[in-house]
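# Descriptive structure summary
If you want the building blocks of each chain, they are given just below.
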Amino acid sequence: MSRGFEIVSSYRNADLRLPYRTTQRAAGYDFESAVDFTVPSIWKLDFLKILWAIRHQESLDSVAQAKAQKALKPFLIPTGIKAYMGPDEVLILANRSSNPLKRSLVIPNGIGVIDADYYNNENNEGEIFMQVLNFGLADAKIKKGDRIGQGIFMPFLKADDERAPQQERQGGFGSSGK
Ligand SMILES: O=c1ccn([C@H]2C[C@H](O)[C@@H](COP(=O)(O)OP(=O)(O)OP(=O)(O)O)O2)c(=O)[nH]1
Ligand SMILES: [Mg+2]
């Protein structure tokens, strides 16, 4: 058992496919979307409201500010997949090159870093999500089973004399604090 993928238990009966490589020398394991998912065009995200909010920022109350901010947040596409790996390994979740061209989808964080200790975390069992923004004019309609991203297992190195972290991972996307 060195590294690999499993289906998250809530998707047990969802008929998901584990990530797979499509050609003999491919580095990336393609991830499929676990659900039908529409990523709205950023230009349609209450755009007028946002413009208005930017213009009137100072006079907006905190609720209205939070609403305007929320409308601009990236979307998280569920994969229903978790990944296990060695303690000195990481799974890099990268976009497919065709996504910006065909679907106008980008990963705002550049790449996703899936840590070994994310696996089976107590919050969400380690389900991997792909964080996306749709810069196109039209909504991006993703079907369950569409290949949305690719995962690449990599070894990583540790710095000399580091103070070993004591904290245990609780979840993802900001769970370790600010
Ligand atoms: O595209 C991504 C990126 C991350 N993750 C999960 C796996 C990863 O182990 C965890 C935390 O990611 P990261 O360390 O990059 O984010 P953070 O903002 O530092 O959050 P945390 O405080 O939880 O470490 O979120 C995903 O599912 N998809
Ligand atoms: Mg982190």
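Residues numbered from 1 in each chain as written. Chains lettered and ligands numbered in written order. Predicted model: local features only at pLDDT ≥ 70, side-chain atom pairs only at ≥ 80, totals over all residues.

The name given to the protein in an unreviewed UniProt entry is dUTP diphosphatase, with the source organism recorded as Secundilactobacillus folii.

A count of helices and strands for the protein gives 3 helices and 11 strands. Starting at the N terminus and ending at the C terminus, the protein contains elements arranged as β-β-β-α-α-β-β-β-α-β-β-β-β-β. Looking at the protein as a whole, 23% of its 178 residues qualify as buried. For the protein, the share of sequence-separated contacts (at least 6 apart) that also reach a separation of at least 24 residues comes to 77%. (Helix = DSSP H or I, 4+ residues; strand = E, 2+ residues; numbered from the N terminus. Buried ≥ 20, exposed ≤ 12 C-beta atoms within 10 Å, placed from the backbone. Contact = placed C-beta atoms within 7 Å.)

Right, let's get into the pairing of strand 11 (residues 147–155). Of the strand pairs in this sheet, strand 2 (residues 29–32) and strand 11 are connected by 4 bridges, and their pairing is antiparallel. When the sheet's bridge partners are listed, Y29 is paired in strand 11 with G151. Relative to strand 11, strand 6 (residues 89–95) is paired through 7 bridges, and the arrangement is antiparallel. Among the inter-strand pairings, E89 is bridged to a residue of strand 11, identified as P155. (Pairing = 2+ DSSP bridges.)

Taken together, 15 residues lie around ligand 1, and G112, D115, Y118, G172 and S176 are the ones closest in. Among the secondary structure elements, those contributing two or more residues to the shell around ligand 1 are strand 8 (112–114) and strand 9 (129–134). For the shell around ligand 1, a count of residues per class yields 8 nonpolar, 6 polar and 1 charged. (Near = placed C-beta within 6 Å. Nonpolar A, V, L, I, M, F, W, Y, C, P; charged D, E, K, R; others polar.)

Turning next to the nonpolar core. Most often, soluble globular proteins keep nonpolar side chains buried together rather than apart. In terms of nonpolar packing, the biggest core is built from 22 residues, with I77, I81, A83, I114, I128, M130 and V132 touching the most fellow members. Secondary-structure elements contributing two or more residues to this core are strand 2, strand 5 (81–84), strand 6, strand 9 and strand 10 (140–142). A per-element tally of this core places strand 9 first, with 4 residues. Once residues lying within four places of it in the same chain are set aside, the contact partners of I77 are S33, F37, F129, M130, V132, I142 and I148. (Core = buried A, V, L, I, M, F, W, Y, C linked by C-beta atoms within 7 Å.)

Pairing in this open sheet of 4 strands is antiparallel, and the strands run 2-11-6-8 from one edge to the other. Since the sheet does not close on itself, it has two edges, and those belong to strand 2 and strand 8, each with one partner. On average, each strand axis in the sheet is tilted by 30° relative to the strand beside it, whichever way the strands run. (Axes fitted to C-alpha atoms, helices over the stretch in contact; angles between N-to-C directions.)

Moving on, we get to the sheet that holds strand 4 (residues 75–78). Reading across from one edge, 4-9-7 is the order of the 3 strands in this open sheet, with antiparallel pairing throughout. Strand pairing shows two members of the sheet lacking a second neighbour, strand 4 and strand 7 (105–106), which therefore form its edges.

Annotation from UniProt places "domain: dUTPase-like" (unreviewed entry) at residues 72–177. For residues 72–177, helix accounts for 6% and strand for 36%, while the C-alpha atoms at its two ends are 22 Å apart. (UniProt positions renumbered as here; feature names shortened; annotations may be inferred.)

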